[in-house]
Amino acid sequence: MSQHPDYTKWQALAEKQMKGKSIDTLNWNTPEGITVKPLYTAEDVAGLDSVNTLPGMAPYVRGPMATMYAGRPWTIRQYAGFSTAKESNAFYHKALAAGQKGLSVAFDLATHRGYDSDHPRVAGDIGKAGVAIDSVEDMKILFDGIPLDKMSVSMTMNGAVIPILAGYIVAAEEQGVSHDQLSGTIQNDILKEYLTRNTYIYPPTPSMRIISDIMSFCSKNMPKYNTISISGYHMMEAGANSVLQTAFTLADGVEYVKAAIKSGMDVDEFAPRLSFFFGIGMNFFMDIAMLRAARFLWHRLMSQFNPKNVKSSMLRTHCQTSGWSLTEQDPYNNVIRTTLEAMSAVLGGTQSLHTNSFDEAIGLPTDFSARIARNTQIIIQEESQVCNVIDPLGGSYYIEALTKEIIDEAQKIIDEIESLGGMAKAIESGMPKMRIEESAARKQARIDQGSDVIVGVNKYKLADETIDFEVREVPATVRDEQIARIEQIKASRDKDLVAKALADLTEAAKNGGNLLEAALPAVRARATVGEISDAMESVFGRFVATTRCISGAYSSECEAKPDVINAIKQRTTKFLESQGRRPRLLVTKMGQDGHDRGFKVVASAYADLGFDVDISPMFQTPAEAAKMAIENDVHVVGASSLAAGHKSLIPALIEELKKLGGQEIIVVAGGVIPPVDYDFLFEAGVAAVFGPGTPIPDSADRTLSLLEKKYLS
């Protein structure tokens, strides 16, 4: 197609208004490596495969369903769960009465990692970032009064997926609901755990077997249940841009398809129930295009398996607005951010959606904030009229061109993964994780120097801020309640029946047999989540990842403020000259929270600023972190917190340091810590707290000041 006949005139007019500057100065280079022009015309979409497609028809760019929201709106979900099953159940009932259409269950970190609430490693994690589930009795309470034959239930679970899914099935049985009546989704996406979220239990090979076993069992017994939700969300939250999220998520999907086929299943036996889970950030049009591109690419990728059922190559997705984009500073701005992200997901054609609460950068969502988040979707659905037209942005020059750019860039990465032998091999090589961590470090550098604007954080900041709303806190007594229930269950169950069921499960893990099917008798006998996980761990082992930081990515993006960076480097050099070594920092993540973006970015940036940096393994206890700090002879320990365990874990770390003679080591804390808890931490001995959005040069400056006062004054 030839250029628009008036394009030259427009260019002259535009450059006149720009006082003679070239129109090319308005081009924008995205983090994905895509150059975005200020104007798109019909020439930019000439010949594109996506332009002349229709919704519900291959390659599904315009949506997987023919009528999309004009026929049926997306499902409104809220990912929720905290404290005990009883408290979460009450929350669910209120949410459903207020217009929510499906349940999306968040489990606490101990449950994710296959530990019972009485395990010593999880003392600071119980009920904090999700609901604590130790047995089917907890699962029955969680769904009390919620008819599981009518309610679609999505469960975000990967590590302890066998005992949790088995617990859900048995809870339904005891409601009188048969397996074939159950509908919903289990996430069951272990590959992304090794990339980002880190709530794995077993090594990759047995974990892939677990996924295949779940697919096989559900395809035969639970035809309405989605056996896997392949997640890009946690990749985005860990730092992946939209191209990386698309490529790695779809590559994970291909790996699962291959594993299921290898196990003997026909592609059409399971592929129609595959679903995907994408994260939606603040690049509004980019993420609209991302969802459209992902549908196109999935259809293309599935063609290699020759499916007969059209639904086997139809990508359906749940979306969630970003938690990382939410700020502690000026937090009501987060309502606006979530609204924009929700609109992006809707205009991209999601099948269900979760909207985050505005206070999640400070603490767990309250009833008040969750209601605003839920109403955001209801208002879009009921008041904006966006549901009346199918794919309203289809045909947009910009959207169609951007869709094609994402398709092309993501395909390059997918091809690279295939050249490595598939996603499992790529993960073993470290390539995907390194790409995501590099992207995260570069993003943080752009924010810290102000080239990426975050309103209220690095621009338009309030002179004085006070948090004037409720912050939800889960009391330590939740663990006591859970332990009491475990003791009661163990005292009343048939011990011999439990022992036999667990032995049979171990035998299935060792010599073959469907693990989900083998776990059901153990759940019915009242074996706990930890016992079932241990029965398989005795055969599979527990996976331990290595941690490392990315060198140079942060500093390479700091061209706008070299003076700030150089000033810090000069001070670390001065410290070296005075003390004979550089300031040494241990960055640690205690408890069972696997989100590692924050502490990896901090470690990488501090290393670029001239610190010697040690990174602890994930999931440390306070005693283990203190021991590592002493052995590595560090000056400072930086404790990263995200999952509301800071009031127990960080004071415990300080006490452990004292026991080992490390009382001179400075302890600083960072992450999602409510400002109302700062004084508590200061009284416990924390020297500084760096909340969400703190620029890394600012935290490095304050940390250096503490060191200079101690060692150089």
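As a starting point, this report considers the structure included with it. What you are looking at is a predicted structure, and each value in this text was computed from that prediction instead of being measured. (Residues numbered from 1 in each chain as written. Predicted model: local features only at pLDDT ≥ 70, side-chain atom pairs only at ≥ 80, totals over all residues. Heavy atoms only, no water.)

Here's the deal with the pattern of salt bridges
Reasoning step 1: Tallying each qualifying case throughout the model produces 39 salt bridges.
Reasoning step 2: We note a salt bridge from D504 to K500, for which the minimum N-O separation is 2.8 Å. Of this pair, D504 and K500 both sit in helix α19 (residues 495–511), four residues apart, roughly one helical turn.
Reasoning step 3: Its salt-bridge partner being D593, residue K589 comes within 2.8 Å of it at the nearest N-O pair. In terms of burial, K589 and D593 fall into one category: buried.
Reasoning step 4: Connected through shared salt-bridge partners, R62, R292, D391 and E400 make up one network. (Salt bridge = Lys/Arg side-chain N within 4 Å of Asp/Glu carboxyl O. Helix = DSSP H or I, 4+ residues; strand = E, 2+ residues; numbered from the N terminus. Buried < 20%, exposed > 50% of the residue type's maximum accessible area, 1.4 Å probe, protein only.)

Considerations on the nonpolar core
Reasoning step 1: Ranked by size, the top nonpolar core spans 108 residues in total, and within it M215, F248, Y256, F270, W298 and M423 carry the most contacts.
Reasoning step 2: With 12 residues, the top contributor of residues to this core is helix α12 (residues 284–302).
Reasoning step 3: Core analysis: the second largest hydrophobic core is formed by 61 residues, A85, M155, V529 and M536 among them. (Core = buried A, V, L, I, M, F, W, Y, C linked by side-chain atoms within 4.5 Å.)

Re the side chain of H234
Reasoning step 1: Relative to the assigned elements, H234 resides in helix α9 (residues 233–238).
Reasoning step 2: Other than its neighbours up to four places away in sequence, H234 contacts Q187, K192, T196, R197, F277 and H595. (Contact = heavy atoms within 4.5 Å.)

Re the sheet that holds strand β14 (residues 636–641)
Reasoning step 1: Pairing is parallel in the open sheet, where five strands are placed in the order β13-β12-β14-β15-β16. Taken across any chain shown, the strands that pair with only one partner, and hence form the sheet edges, are β13 (612–615) and β16 (688–690). Here the strands of the sheet are splayed against their neighbours by 25° on average, with no regard to which way each runs.
Reasoning step 2: Examined bridge by bridge, β14 and strand β15 (residues 666–671) share six bridges and lie parallel to one another. Residue pairing for β15: V637 is matched across the bridge by V667.
Reasoning step 3: Strands β12 (584–589), β13 and β14 of the sheet are contacted by helix α24 (residues 597–608), whose axis makes an angle of about 160° with β13.
Reasoning step 4: Where helix α26 (residues 646–659) meets the sheet, its contacts fall on β14 and β15, and the angle it forms with β15 comes to roughly 165°. (Pairing = 2+ DSSP bridges. Axes fitted to C-alpha atoms, helices over the stretch in contact; angles between N-to-C directions.)

Describing α24
Reasoning step 1: Taking 1.5 Å per residue as the helical rise, α24 with its 12 residues ought to reach 16 Å, and the 17 Å between its terminal C-alpha atoms agrees with that figure.
Reasoning step 2: Where burial is concerned, most of α24 is hidden: nine out of the 12 residues are buried.
Reasoning step 3: Once α24 ends, the next one or two residues include G610, with phi positive near 105°. (Expected span 1.5 Å × (residues − 1).)

Comments concerning the packing of helix α10 (residues 242–262) against α12
Reasoning step 1: The contact between α10 and α12 brings their axes to 10 Å, and the two run at 25°. Considered as vectors, α10 and α12 are oriented roughly parallel to each other. α12 is crossed by α10, and the crossing has right-handed handedness. Within the contact between the two elements, α10 uses S242, Q245, T246, L250, G253, V254 and V257 and α12 uses M286, D287, M290, A294, L297, W298, L301 and M302.
Reasoning step 2: The class makeup of the residues in the contact of α10 with α12 is 10 nonpolar, four polar and one charged. (Parallel < 35°, antiparallel > 145°, perpendicular 65-115°, else oblique. Left-handed = near helix turned anticlockwise from the far one by under 90°. Nonpolar A, V, L, I, M, F, W, Y, C, P; charged D, E, K, R; others polar.)

So, the state of the cysteines
Reasoning step 1: Scanning the model with the defined rule gives zero disulfides in all.
Reasoning step 2: Its sulfur unpaired, C387 is 15 Å from the next cysteine sulfur, which belongs to C319.
Reasoning step 3: Look at C387 and you get buried, because its relative accessible area is 8%. (Disulfide = S-S within 2.5 Å.)

Overview of the environment of R209
Reasoning step 1: If you trace the backbone, R209 turns up in helix α8 (residues 204–221).
Reasoning step 2: Along the chain, R209 and N514 lie 305 residues apart, while their C-alpha atoms are 9.1 Å from each other.
Reasoning step 3: Dropping the residues within four chain positions of it, R209 is found in contact with A508, A509, G512, G513, L515 and F540.
Reasoning step 4: Within polar-contact distance, the side chain of R209 engages the backbone oxygen of A509 at 2.9 Å. (Polar contact = N/O pair within 3.5 Å; in protein donor to acceptor, adjacent residues only side chain to side chain.)

Structural notes on the packing of aromatic side chains
Reasoning step 1: Overall, the coordinates contain 19 aromatic pairs when judged by the stated rule.
Reasoning step 2: Arranged with centres 6.2 Å apart and planes meeting at 85°, the rings of F358 and F368 form a pair that is edge-to-face. With F358 in the loop between β11 (352–354) and α14 (367–383) and F368 in helix α14, the pair connects residues that are 10 residues apart, well separated along the chain.
Reasoning step 3: Residue classification places F358 among the buried residues on the basis of a relative accessible area of 2%.
Reasoning step 4: Ring centres of Y606 and F611 lie 4.8 Å apart, and the angle between their planes is 50°; on these two criteria the pair is classed as tilted.
Reasoning step 5: Residue Y606 is classed as buried on the basis of its relative accessible area, which comes to 4%.
Reasoning step 6: Linked through ring pairs, Y40, F284, F285 and Y398 together constitute an aromatic cluster.
Reasoning step 7: Across from the ring centre of Y40, 5.1 Å away, lies the NZ or CZ of K37, which sits over that ring.
Reasoning step 8: The ring centre of F619 lies 3.5 Å from the NZ or CZ of R113, which sits over that ring. (Phe/Tyr/Trp six-rings, centres within 6.5 Å; stacked < 30°, edge-to-face > 60°. Lys NZ or Arg CZ within 6 Å of the ring centre and 35° of its normal.)

Details of the side chain of K433
Reasoning step 1: Positionally, K433 belongs in helix α17 (residues 431–448).
Reasoning step 2: If we ignore the near neighbours within four places in the chain, the residues touching K433 are Y194, L195, T196, N198, D596 and K600.

Observations concerning the pairing of strand β8 (residues 228–231)
Reasoning step 1: With burial as the criterion, each face of β8 is covered, one bearing I228 and I230 and the other bearing S229 and S231.
Reasoning step 2: As paired elements, β8 and strand β9 (residues 274–280) share four bridges and run parallel to each other. Note that in β9 the partner of S231 across the bridge is F277.

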